[in-house]
Amino acid sequence: MTLAVKPATVPGATALARLTASRRQRNLVAGGILLGLCLLLMLLSLGAGAFAIAPGRVAEILLARLGSGPAELLDSREALVVLNIRMPRLLLGALVGAALAISGALMQGLFRNPLADPGLVGVSAGAGLAAAATIVLGDRLLAGMGMGMKLPFAALPFGAFFGGLISTLALYLIATREGRTSVATMLLAGVALGALAGSLTGLLAYISDDRQLRDLTFWSMGSLGGASWSKLSVVAPIVLPLLIAVPFLARGLNALMLGEAEAFHLGIPVQRIKATAVVLVALSVGASVAAAGVIGFVGIVVPHLIRLLIGPDHRLLLPLSAIGGATLLVGADIVARLIVVPAELPIGIVTAFIGAPFFLWLLLRRGRIAES
Amino acid sequence: MATILEARDLHFRVRGTALVRDASLQLDAGTTSIIVGPNGAGKSTLLKLLTGELTPAQGEVRLDSAPLAGAPAWKLACQRAVMSQNQRLAFPFSVYEVARLGLEGVGRSQPRGRSEQIIAEALETAGVLGLASREYQTLSGGEQQRVQFARALCQLEAGRSVAERQILFLDEPIASLDLCHQLALLDAARAIATQGAAVLIVLHDLNLAVTYADRLLVMHEGAIVAQGAPAAILDDALLRGVFRVDLAFSRLPPTGLPFLLPQQHLRAASGPALRAAGA
């Protein structure tokens, strides 16, 4: 198409090039600052807690572990705490934070609604219910078979995974008629599914014994307290596909902002994008809930913040949400560990305490924009 | 003239109601075809059947002699761009980013400089280059419509490096535009046809349809009741039967082209000058 105007003479085209260049620069700066903040908090996180270790000492231990420092340092108590207790906890927190934030961004893109969130639409509740069922009924089932076996740890993430998958699919099927997804139906159905899962979880709590009840309470508030290398080795392989798939979903999600029919016109395999996103969200939310309990508001707060910083382009939004989610959870974990030393607060309490007021502020701000 | 798209005996039903019945048509390279018809006549549904968004219950659409059904989305996207009536956008993209969405499917392999050139040209043609940094959702309906047009132009231009025989579908593209931009958009669409693409537009304004159509298709209750050159098929019987208005076409002196001015609807008590015009 040779348009009426030749490219060289398009007035304002150079201004446009300047504009895009300055946006790219802004995005680069924002990404750099976020990444720096994330790494800084990670370093602090390894030192912070009831047993405080100076950041310089932490760096020495890490270097020693990598082979460039005195090896006897690795036998110290500090090294034990940093490498075997805080490191897996840090990595688990970063992984779960990244997974929850990306899941939130994916759900918001898929449903074309900035208020969608794995927690708000009942998916976390489904995963939590399945995890509760695994805790309470899993032991009984094994005891009933009289084999005297202990429930393997991997049963929990898988149970939660299938819970998340089933509730995600149920929600999507309920909200989709003739290929069109109704956002209002989705939110209402999500509330209903969440209430159903909540009531069943309550029923399970009612029939559980004291130990199971304590475990259940742990799910409902979320904690990174039980982190270990073995737990991490179960969760990481489930969550990593989500992180890897992100670059392949970004363009499709961008096109979906116009609507599903329009995305199809643009050459996007809409159905494949939807199915992939749904499976990945169920996978990662299920694994996250299993490993760290229900941690609210990360999925909604982080993508919103990133959109305010760099705009809604998913090619940047998704990776920066991952970094932002990791940053928020690592930071919240530091707060959770320091605020009631020597005990620690469940991290779900901290993220909701930050997240809920922020969410309200967003709603008020949106209201003002709509009025003006 | 080379036919790019051919549709034969298309039927489409929703819950027993036939939205499109027995529709056959062809879109030729270098021509502008315009669909007119009253509300609910099935114009948009027919357009969706032709773009592959809907699959007909009976009949077949062939694109470059190959069946449209089952063709992968990316392949179709290289060969046709669609501007639908939907102008909503879920998140606050800038005008520049909305136009760039036209390249998300087909423009992946373009170098960045080429993409920016395509986008700048499309924004310029649609008359929204000056709005490039504005947030799309803050624009007026007419401005949004022009940005959507720019997006379709981007897709068409990027797809040209893959498929030469292209189609541009526009569903009521000028519904919110002022007269100046109505003409500019239709001129741009016709220019695309002149360069070898087929253009199909759904329009309501009969005068503009007569002005721009090489081929006019009149739809009524799901069927194409007339198609051909506008001057040959538009008459007063059609106005009464299809559009349910009791009006008469006038003819433009040198060409004999029909045009419509609802003179009969002038208010009787609007003053002497108007009464004179109505008489």
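Owing to the predicted nature of the structure, the values given are computational and were not obtained by experimental measurement.

Peer 1: Honestly, the overall build of chain A in this entry has me stumped. Any pointers?
Peer 2: Within chain A, the secondary structure is distributed over 13 helices and two strands. A burial count over chain A gives 46% of its 372 residues as buried. Across chain A, contacts joining residues at least 24 apart in sequence account for 78% of those joining residues at least 6 apart.

Peer 1: Would you mind showing me how to read the sheet that holds strand 5 (residues 66-67) of chain B here?
Peer 2: Sheet strands line up and pair through hydrogen bonds in the backbone, either parallel or antiparallel. Residues and elements named next belong to chain B. The strand order 2-1-4-5 describes an open sheet built from four strands, whose pairing is antiparallel. Strands at the two margins of the open sheet, each flanked by one partner only, are strand 2 (17-28) and strand 5. As paired elements, strand 4 (residues 58-63) and strand 5 share two bridges and run antiparallel to each other. Following the sheet pairing, Leu-63 is matched in strand 5 by Ala-66.

Peer 1: What am I meant to see in the nonpolar core here?
Peer 2: Grouped burial of nonpolar side chains is what soluble globular proteins tend to show. A:Ile102, B:Ala99, B:Leu123, B:Ala150, B:Leu168 and B:Ala189 are the most contacted members of the largest nonpolar core, which has 192 residues in total. With 17 residues, helix 3 (residues 77-110) of chain A is the single largest residue contributor to this core. Setting aside residues up to four positions removed in sequence, A:Ile102 forms contacts with A:Leu242, A:Val246, A:Leu318, A:Ser321, A:Ala322 and A:Gly325.

Peer 1: Is there a simple way to explain helix 12 (residues 314-338) of chain A in this structure?
Peer 2: The end-to-end C-alpha distance of helix 12 of chain A, which contains 25 residues, comes to 35 Å, matching closely the 36 Å that a straight helix rising 1.5 Å per residue would cover. With 22 of 25 residues buried, helix 12 of chain A lies mostly within the body of the structure.

Peer 1: Honestly, the packing of helix 5 (residues 112-125) of chain B against helix 6 (residues 141-159) of chain B in this entry has me stumped. Any pointers?
Peer 2: Residues and elements named next belong to chain B. Where helix 5 meets helix 6, the closest approach of the two axes is 8 Å, and the angle between their N-to-C directions is 135°. In terms of their interaxial angle, helix 5 and helix 6 are classed as oblique. Of the two elements, helix 5 crosses helix 6, and the hand of that crossing is right-handed. Contacts between helix 5 and helix 6 involve Ile-118, Ile-119, Ala-122, Leu-123 and Thr-125 from the former and Ala-150, Leu-153, Cys-154, Glu-157 and Ala-158 from the latter. Tallied by class, residues from the contact of helix 5 with helix 6 come to eight nonpolar, one polar and one charged.

Peer 1: I would appreciate a short explanation of the interface of chain B and chain A in the present structure.
Peer 2: Interface extent is often summarised as the accessible area lost during association of the parts. At the junction of the two partners, chain B supplies 39 residues and chain A supplies 32 residues. Of all the secondary-structure elements, those providing two or more residues to the side of chain B that touches chain A are helix 2 (73-79), helix 3 (95-101), helix 4 (103-106), helix 5, helix 6 and helix 7 (179-194) of chain B. For the side of chain B that touches chain A, the element with the most residues is helix 5 of chain B, which contributes six residues. Residues of the side of chain B that touches chain A, tallied by class, amount to 19 nonpolar, eleven polar and nine charged.

Peer 1: What is the right way to look at the packing of helix 1 (residues 13-47) of chain A against helix 3 of chain A in this model?
Peer 2: Geometry of a packed helix pair, given as the angle between the helix axes and the separation of the axes. Residue and element names in this part refer to chain A. It is at 9 Å that the axes of helix 1 and helix 3 come closest, and there the two elements cross at 140°. Relative to helix 3, the element helix 1 lies oblique. With respect to the hand of their crossing, helix 1 and helix 3 are arranged in right-handed fashion. Along the contact surface, helix 1 presents Met-42, Ser-45 and Leu-46, while helix 3 presents Val-82, Arg-86, Met-87 and Leu-90. Among the residues making up the contact of helix 1 with helix 3, the classes are represented as five nonpolar, one polar and one charged.

Peer 1: Just to check I follow, could you spell out the sheet that holds strand 7 (residues 167-171) of chain B for this structure?
Peer 2: Residue and element names in this part refer to chain B. One open sheet holds the six strands; their spatial order is 6-7-8-3-9-10, and the pairing between them is mixed. Two strands lie at the open edges of the sheet, namely strand 6 (80-83) and strand 10 (223-228), each paired on one side alone. Taken pair by pair, the neighbouring strands of this sheet meet at an average axis angle of 15°, ignoring direction. When strand 3 (residues 32-36) meets strand 8 (residues 198-202), the two strands line up parallel, connected through four bridges. When the bridges of strand 8 are listed, Ile-35 appears paired with Val-202. Taken strand by strand, helix 6 contacts strand 6 and strand 7, and its axis lies near 175° from that of strand 6. Along the sheet, helix 7 contacts strand 3, strand 7 and strand 8; its crossing angle with strand 8, the most-contacted strand, is approximately 150°.

Peer 1: Can you walk me through the pairing of strand 8 of chain B in this structure?
Peer 2: Residue and element names in this part refer to chain B. Counting buried residues in strand 8 gives five out of five residues, a clear majority hidden from the surface. Along strand 8, one buried face is formed by Ala-198, Leu-200 and Val-202 and the opposite face, lined by Val-199 and Ile-201, is buried too. Remark: the strand 7/helix 7/strand 8 crossover connection has right-handed handedness.

Peer 1: Just to check I follow, could you spell out the confidence of the model for chain A for this structure?
Peer 2: If pLDDT is low for a region, its predicted coordinates should not be looked at in detail. Residues and elements named next belong to chain A. Mean pLDDT over chain A works out to 83, with 88% of the residues at or above the 70 mark. The secondary structure element of chain A with the lowest average pLDDT is strand 2 (residues 180-181), at 62, and the one with the highest is helix 12, at 93. Here residues 1-9 scores under 50 on pLDDT; set against residues more than four positions off or in separate chains, the count is 15 contacts.

Peer 1: Even after reading the chapter, I still don't get the environment of B:Ser44, so can you show me in this structure?
Peer 2: Residues and elements named next belong to chain B. Note on placement: Ser-44 falls in helix 1 (residues 43-51). By C-beta crowding, Ser-44 is classed as partly exposed, having 18 other C-beta atoms within 10 Å. With 156 residues separating them along the chain, Ser-44 and Leu-200 place their C-alpha atoms 11 Å apart. In this structure, Ser-44 is in contact with Gln-85, Asp-171 and Val-202, ignoring residues within four places of it in sequence.

Quick notes on the rules
Residues numbered from 1 in each chain as written. Chains lettered and ligands numbered in written order. Predicted model: local features only at pLDDT ≥ 70, side-chain atom pairs only at ≥ 80, totals over all residues. Helix = DSSP H or I, 4+ residues; strand = E, 2+ residues; numbered from the N terminus. Buried ≥ 20, exposed ≤ 12 C-beta atoms within 10 Å, placed from the backbone. Contact = placed C-beta atoms within 7 Å. Pairing = 2+ DSSP bridges. Core = buried A, V, L, I, M, F, W, Y, C linked by C-beta atoms within 7 Å. Expected span 1.5 Å × (residues − 1). Axes fitted to C-alpha atoms, helices over the stretch in contact; angles between N-to-C directions. Parallel < 35°, antiparallel > 145°, perpendicular 65-115°, else oblique. Left-handed = near helix turned anticlockwise from the far one by under 90°. Nonpolar A, V, L, I, M, F, W, Y, C, P; charged D, E, K, R; others polar. Right-handed = clockwise from strand over helix to strand, strands pointing away. pLDDT = per-residue confidence, 0-100.

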